[in-house]
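Single-letter residue listing:
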Amino acid sequence: MDVQTVNSMTCEEFVCVFGNVVERCPLIAAALWSRRPFSSTLELENGFNEFIDSLSIEGKEGILRCHPDLAGRELLAGTLTVESRGEQGQAGLTSLSSADALRMNQLNSQYKKQFGFPFVICARMSDKDRIIQQLESRVRNQQLQELHCGIEEVKSICRLRLQDIYNRAAKSTK
Ligand code: GUN
């Protein structure tokens, strides 16, 4: 997908394509549509990052709270977004042993109790062991430091989701 295609989209089309770049936050895509025209697809990615950075602490916490737990109830119930399901699958979280699933659940609960928002990590750049190790270590962070960590992970998730959108579009025009 080239930038001209992106710039020619209606708001509805744009939200349909980019609405889940930030998990369950289509409002961010709707707001970014107003910033067209973009000079490049990189500028659109920067737009997502700048929008997220410009939010208050409460806004950033809100973004984290829109993320489902890793290997959590929604994975079992089959109610994850397509993107999240794919990411959790790539990280091996759809085939955890019951001991690992239990451990991850305990750590997710402990983390949420500590910070008031769920643990977010770019699952595709990780795997089960690293996720457990990061949960164990990040739960010891200060509140603001951890908010920053979670938000940087959201940006990595966004970058990979945008790449997927462009790659899929490139394949479908071949
Ligand atoms: N990392 C990549 N996708 C997700 C997600 O949906 N939830 C959480 N918590 N982390 C993620």
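Structure: see above.
No experiment lies behind these values; they were computed from the predicted model shown. (Residues numbered from 1 in each chain as written. Predicted model: local features only at pLDDT ≥ 70, side-chain atom pairs only at ≥ 80, totals over all residues. Heavy atoms only, no water.)

### Looking at the packing of helix 2 (residues 11–18) against helix 3 (residues 26–33)
Argument step 1. The geometry of helix 2 relative to helix 3 is characterised by a closest axis approach of 9 Å and an angle of 135° between their N-to-C directions. Looking at the two axes, helix 2 sits oblique to helix 3. Like other packed secondary-structure pairs, helix 2 and helix 3 cross with a definite hand, here right-handed. Where helix 2 abuts helix 3, its residues Cys11, Phe14, Val15 and Phe18 lie against Pro26, Ala29, Ala30, Leu32 and Trp33.
Argument step 2. In terms of residue class, the contact of helix 2 with helix 3 is made up of nine nonpolar, no polar and no charged. (Axes fitted to C-alpha atoms, helices over the stretch in contact; angles between N-to-C directions. Helix = DSSP H or I, 4+ residues; strand = E, 2+ residues; numbered from the N terminus. Parallel < 35°, antiparallel > 145°, perpendicular 65-115°, else oblique. Left-handed = near helix turned anticlockwise from the far one by under 90°. Contact = heavy atoms within 4.5 Å. Nonpolar A, V, L, I, M, F, W, Y, C, P; charged D, E, K, R; others polar.)

### Focus on the layout of surface pockets
Argument step 1. In this structure, the largest pocket encloses a volume near 270 Å³.
Argument step 2. Lining the largest pocket we find 16 residues, and of these Val82, Glu83, Arg161, Asp164 and Arg168 sit closest to its centre.
Argument step 3. Elements with a contribution of two residues or more to the lining of the largest pocket: helix 2, helix 7 (82–90) and helix 10 (143–172).
Argument step 4. Per-element accounting of the lining of the largest pocket gives the leading share, five residues, to helix 7.
Argument step 5. A breakdown of the residues in the lining of the largest pocket according to their chemical character gives six nonpolar, four polar and six charged.
Argument step 6. By volume, the second largest pocket amounts to about 190 Å³.
Argument step 7. What lines the second largest pocket is Ala71, Gly72, Arg73, Leu75, Leu76, Leu93, Thr94, Leu96, Ala101 and Asn105.
Argument step 8. Broken down by secondary-structure element, the contributors of at least two residues to the lining of the second largest pocket are helix 6 (73–77) and helix 8 (98–115). (1 Å grid on protein atoms, 1.4 Å probe; cavity = no way out; pocket = protein on both sides within 12 Å on 5 of 7 lines; lining within 4 Å. Points joined across faces, edges and corners; volume = space filled by probe spheres on them.)

The values reported here are purely geometric and, on their own, carry no functional implication.
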